[in-house]
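Spelled out from the first residue to the last, the chains are:
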Amino acid sequence: MATSLNMPILASSSPDNDQGTKNDVVRNTMNSQRSIWGDMFLTYNETKDQAYMERRAKELKEEVRKTLVITSLTEPIQHVKLLEHIDAVQRLGVAYHFDDEIEECLKHIYVAYGDRWINNNDLQSTSLWFRLLRQQGFNISSEIFNKYKSEKGTFMESMKDDVGGMLSLYEATFMRIEGEKVLEEALDFTKYHLGNIVNNHTLNIDTLLETKVHQALEQPIRKMLPRLEALRYIPIYEQEDSHNEDLLTFAKLDFNLLQELHRKELSLITKWWKDLDVSSKLPYVRDRIVEGYFWVLAIYYEPQHSDTRIFLMKACNLGIILDDTYDNYGTYEELKIFTEAIERWSTSCLDMLPEYMKMIYQELIDVHKEAEEMQEKKGNAYRSYYAKEMVKDCARNLLIESKWVNEGYIATLEEHLSVTLVTCQYAMIVAKCYVHGDDLITEDAFKWVSTYPPIVKASCLILRLMDDIATHKKEQERNHVASSIECYMKQYGVSEEQACEALSKQVEDSWKVINKETLRPTDVPRPLLTPPINLARVCDVLYKRGDNYTYAGKEMIKYINSLLVNAMSL
């Protein structure tokens, strides 16, 4: 696989060069490697048995719905079985079909037990009860886990033999919020002992349970993207003796039906990108349509969000073009003009721009105009207004970064983050998730996200810090704005390793903020919290082991093939 090359490119220091002047400057730029996918997703052909799959899935969906009725369940053991079933439905990726039923079931259990889970002698069911209710936003207390401590204040040694219970507790700890000491201790305890079991074989456990532990230690459920969780959980669930055959078959059919829709969307976006001819006109821009679609699919994978995904793909790829133009190619003088044009948001500004910027600017206006026209028909013109305002805010802050590079300035960490939490574009993406949303979306939702509320800021911080930890060495090989790592090192006089360790802790603390902000009552309707949560989750895939967006590794290639190429075997 070819790597990106630092290449000095002769180009104008002012837009006048487009008219033939010879004021050349050397741009310290980077030509991005071509997409490894080529035209693989350009053409879409519908699967022949699509109609059958849709009909069969509809039948099975109703059978599964019948299993999510709580009215006839009165015994605690029945509630435990129901929790296990809900967990399976969620992990198999089909919970979106049964949102109302799952809410009703978990609300019933919350009302029935409050903070006093009746089956609290069973670590596995207690931990599952805690995690599922916390995930649903019910603020139940973590103090119940103190029951598993000895008089010395440490977790009982006998827990080591309950691998299923420890695994369930381990997963529950990722729902912790700030100050929950018992869950911090539980995480350390379970992580250590589960690691010993699978790495040093301190206990003999069956292969299926060992696989579950390995997967959890690699990626806990809370941080796993729902679509990827379905991929890894379907073969696990299939081996469970107690699995529900209707649910299993429905999950596989639903996976394949969604894959068809996603392939169709990716084909449309690939054609749009190809028509723009970015690789020829803007060779410095990262050609990452397929990886970008994976990112968007991480936010919303459900069929009702198809319009949102199409808009996000166009808007987010324009965001990548903006980022690479400010960060990589444009001169500071050009970028000042470009920022002014974005502030004015009018085609009358085209003549003031360098030739290579005109296509970018025109497409930026056209994509938002298309969305605006769709929303005007529904009386929601304000949605596009807020989306555009966040683009302007992003451009202003990208210009600040360019100014810092131009002056060789290294900001304090606080100053750096006040700018880069905007330029990472996550808040802007969340706002754009709402543009084609349903009636739950009001103007207040756009005002809310525009203020960078805690959950949005935490998601931005996770991206910014994980991205910097993964990429800062390569980015500093060229003239690039100082990363959070360098800002931290300079401000606190520490080593690179110490800076990365401190900022990694901030990532974990940001997850606690996300967990807290999803507890009821929430500032906005709960479905509106899905984008910032999933945007935080996708960072683990993209940046946990290097830059999987710019340089797709084996893991990313495997995920894309599984999600968009290879159908699930029925």
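Residues numbered from 1 in each chain as written. Predicted model: local features only at pLDDT ≥ 70, side-chain atom pairs only at ≥ 80, totals over all residues. Heavy atoms only, no water.

### A short note on the nonpolar core
Ranked by size, the top nonpolar core spans 189 residues in total, and within it Phe294, Ile342, Tyr426 and Tyr434 carry the most contacts. By residue number, the principal contributor to this core is helix 9 (residues 245–276), which donates 13 residues. (Core = buried A, V, L, I, M, F, W, Y, C linked by side-chain atoms within 4.5 Å. Buried < 20%, exposed > 50% of the residue type's maximum accessible area, 1.4 Å probe, protein only. Helix = DSSP H or I, 4+ residues; strand = E, 2+ residues; numbered from the N terminus.)

### A word on unusual backbone geometry
Residues Arg520 and Pro521 are joined by a peptide bond in cis, for which omega reads -5 degrees. Looking at the element boundaries, Pro521 is found in the loop between helix 21 (496–517) and helix 22 (530–543). Even without being a glycine, Asp277 presents a positive backbone phi close to 55 degrees. The residue Gln425 is not glycine, and still its phi comes out positive at about 75 degrees. With respect to the element layout, Gln425 can be found in the loop between helix 16 (413–423) and helix 17 (426–433). Classification of Gln425 as buried rests on a relative accessible area of 8%.

### Here's the deal with the packing of helix 9 against helix 23 (residues 554–564)
For the pair helix 9 and helix 23, the least separation of the axes is 8 Å and the interaxial angle reads 105 degrees. Judged on the interaxial angle alone, helix 23 and helix 9 are roughly perpendicular. Each of Phe255, Gln259, His262, Arg263 and Leu266 in helix 9 lies in contact with helix 23, whose residues at this interface are Ser562, Leu563 and Leu564. (Axes fitted to C-alpha atoms, helices over the stretch in contact; angles between N-to-C directions. Parallel < 35°, antiparallel > 145°, perpendicular 65-115°, else oblique. Contact = heavy atoms within 4.5 Å.)

### Considering the side chain of Asp87
Following the sequence through the fold, Asp87 ends up in helix 2 (residues 76–91). On the accessibility criterion, Asp87 (8% relative accessible area) is buried. Side-chain polar atoms of Asp87 contact the side chain of Arg131, separated by 3.0 Å. Beyond its immediate sequence surroundings of up to four residues, Asp87 is in contact with Leu128, Arg131 and Leu132. (Polar contact = N/O pair within 3.5 Å; in protein donor to acceptor, adjacent residues only side chain to side chain.)

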